[in-house]
Amino acid sequence: MAEGPDIARIASLIGDPARSNMLLALLGGRALTATELAGAAGVTLQTASSHLAKLEDGGLLCQRKQGRHRYFALADDHVGAMIENLMGFAASRGHLRHRVGPKEPALRKARICYDHLAGDYGVRMLDSLIAQGAIEASDDALRLTDRGESLLSGHGIDFAALKARRRPLCRACLDWSERRTHLAGSLGKALLTHFLDRGEARRVEGSRVVAFSPEGERRFRAMFPID
């Protein structure tokens, strides 16, 4: 037996179709009930409960209790990044299973990836920040510059609060639809939250799509210009 991390266990947990559908449903960042996840997986509630127990035991999910209700969510942003990276890898190898439909263009344009912005807009945001000298990129490592902190502080991003958290400020996340990198980490979350809190973007119910208002579109493009 090879020594080191047991990737086979994680692979087996994710590799089951029902469990992978549950993880994808939770990639939207919202906690869901076992009944909701059973529907997403296309299995009975009893079967879903068994799958959820395995995912929780494997460290991929956590439970949140509110009164008599139990909700399930991804354990942390590392799980979300792993799922998105796997989606990017699968797409790069031509392993696609999505059905093209009315939501497809919107999903590729802007969507939520656990708690940050993904899709064309997510990639544009990171590309623009790098071009503006706000973020330095070296391979897959991202670093906020002094210029970037000054620039984004002017837009209302509270860096004192972000730096007080244990979570990395900037992290690269492979975008499955664009097959390029978008911005994750606490800064990625803060920038998406900024537009949501101002009412310039909203989450589309029952979807990972993030829809920008006309004013939100204008302001997003002004904040993150691309030559």
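Coordinates for the structure precede this section.
As a convention, each chain's residues are numbered from 1 in the sequence order in which they are written. Per-residue local features are limited, in this predicted model, to residues with pLDDT of at least 70; the limit for side-chain atom pairs, both in listing and counting, is 80 or more; totals at the level of whole chains, interfaces and linings are taken over all residues. To get the side-chain values, take all heavy atoms of the structure and skip hydrogens and water.

*Asks:* Would you mind going over the packing of helix 7 (residues 120-131) against helix 11 (residues 214-223) with me for this structure?
*Replies:* The relative placement of two packed helices is expressed as an angle between their axes plus a distance between the axes. Every axis in this analysis is a line fitted to C-alpha atoms, fitted for helices over the stretch in contact. Angles between the N-to-C directions lie between 0 and 180 degrees. Numbered from the N terminus, helices here are DSSP runs of H or I no shorter than four residues, and strands are runs of E no shorter than two. One can describe the packing of helix 7 onto helix 11 by two numbers: an axis separation of 9 Å at closest approach and a directional angle of 35°. Within the contact between the two elements, helix 7 uses Tyr121, Arg124, Met125 and Ser128 and helix 11 uses Glu217, Phe220, Arg221 and Met223. Each residue belonging to the contact of helix 7 with helix 11 can be placed in one class, and the counts come to four nonpolar, one polar and three charged. Contacts: residue pairs with any heavy atoms within 4.5 Å of one another. Basically, the charged four are Asp, Glu, Lys and Arg, the nonpolar ten are Ala, Val, Leu, Ile, Met, Phe, Trp, Tyr, Cys and Pro, and anything else, Gly included, counts as polar.

*Asks:* Help me understand the side chain of Arg111 in this model?
*Replies:* Along the chain, Arg111 falls in strand 3 (residues 111-113). Exposure classes here rest on a 1.4 Å probe applied to the protein chains alone. A residue is buried below 20% of its type maximum, exposed above 50%, and partly exposed in between. The exposure class of Arg111 is buried, given its relative accessible area of 0%. Ignoring any residue separated from it by four or fewer positions in sequence, one finds Arg111 in contact with Glu84, His116, Leu117, Ala118, Gly119, Asp175, Trp176, Ser177, Arg208, Val209 and Val210.

*Asks:* Please clarify how the nonpolar core should be interpreted in this entry.
*Replies:* Inside soluble globular proteins, nonpolar side chains tend to come together where they are buried. Formed by 29 residues in total, the largest nonpolar core has its most connected members in Leu117, Leu129, Ile135, Leu183, Leu187, Leu191 and Phe212. Of all elements in the fold, only helix 7, strand 6 (141-144), helix 9 (159-163), helix 10 (185-197), strand 10 (210-212) and helix 11 reach the threshold of two or more residues within this core. A total of five residues in this core trace back to one element, the largest contributor, which is helix 10. Aside from chain neighbours lying at most four places away, what touches Ile135 is Leu126, Leu129, Ile130, Leu142, Arg143, Leu144, Thr145, Cys170, Leu183 and Leu187. Note on terminology: a nonpolar core comprises buried Ala, Val, Leu, Ile, Met, Phe, Trp, Tyr and Cys residues joined through side-chain atoms within 4.5 Å.

*Asks:* What am I meant to see in the pattern of salt bridges here?
*Replies:* Side-chain pairing between opposite charges can occur once the charged atoms of the two side chains come close. Salt bridges are identified by distance alone: a Lys or Arg side-chain nitrogen within 4 Å of an Asp or Glu carboxyl oxygen. Using the criterion set out here, one finds 15 salt bridges in the structure. For Glu84, the salt bridge is made with Arg111, and the minimal N-O distance between the two is 3.2 Å. Of this pair, Glu84 sits in helix 5 (residues 77-92) while Arg111 sits in strand 3, and the two are 27 residues apart along the sequence. Arg111 carries the same exposure label as Glu84, and that label is buried. Through salt bridges that share partners, Asp77, Asp115, Arg167 and Arg171 make up one connected network.

*Asks:* How do you make sense of the environment of Gly15 when you look at a structure like this?
*Replies:* Tracing the backbone through its elements, the reader meets Gly15 in helix 1 (residues 7-15). By relative accessible area, which is 54% here, Gly15 ends up exposed. In sequence terms Gly15 and His95 are 80 residues apart; their C-alpha atoms lie 14 Å from each other.

*Asks:* I keep staring at the pairing of strand 2 (residues 69-74) and nothing clicks. Help me out?
*Replies:* Across a regular strand the side chains alternate sides, sitting on one face of the sheet and then on the other. Between any two strands, pairing holds if DSSP finds at least two bridges. Note: strand 1 (residues 61-66) against strand 2, six bridges, orientation antiparallel. Its bridge partner being in strand 2, Gln63 is matched across the sheet by Phe72. The antiparallel hairpin formed by strand 1 and strand 2 contains two residues in its connecting segment, where Gly67 sits at a positive phi of about 65°.

*Asks:* Just to check I follow, could you spell out helix 11 for this structure?
*Replies:* For an α-helix the count is 3.6 residues per turn, leaving residues at separations of three or four pointing the same way. Taken residue by residue, helix 11 has Gly216, Glu217, Arg219, Phe220 and Met223 as its buried positions. Next to the buried residues of helix 11 lie helix 6 (104-109), strand 4 (116-118), helix 7, helix 10 and strand 10.

*Asks:* It is not clear to me how the packing of aromatic side chains should be interpreted in this structure. Could you clarify?
*Replies:* Aromatic ring pairs are described here by two measures, namely the spacing of the ring centres and the angle between the planes. Ring geometry is summarised as follows: Phe, Tyr and Trp rings, the Trp one being its six-membered ring, pair when their centres sit within 6.5 Å, and such pairs are stacked at plane angles under 30 degrees, edge-to-face over 60 and tilted between the two. By the definition in use, this model includes six aromatic pairs. Taking the centre distance of 5.3 Å and the plane angle of 50° together, the rings of Tyr121 and Phe212 count as tilted. Placement of the pair is Tyr121 in helix 7 and Phe212 in strand 10, with a sequence separation of 91 residues. By relative accessible area, which is 12% here, Phe212 ends up buried. Residues Phe195 and Phe220 carry aromatic rings whose centres are separated by 5.6 Å and whose planes lie at 55° to one another, so their mutual orientation is tilted. In this pair, Phe195 sits in helix 10 while Phe220 sits in helix 11, placing the two residues 25 residues apart along the sequence. For the residue pair Phe195 and Phe220, the accessibility class agrees, reading buried in each case. Aromatic ring contacts, followed pair by pair, group Tyr121, Phe195, Phe212, Phe220 and Phe224 into a single cluster.

*Asks:* Can you walk me through unusual backbone geometry in this structure?
*Replies:* A negative phi angle characterises most non-glycine residues, just as the trans form characterises most peptide bonds. If you check the backbone angles, Tyr114 has positive phi at about 65° while not being a glycine. Inspection of the secondary structure assignment puts Tyr114 in the loop between strand 3 and strand 4. With a relative accessible area of 16%, Tyr114 lands in the buried category.

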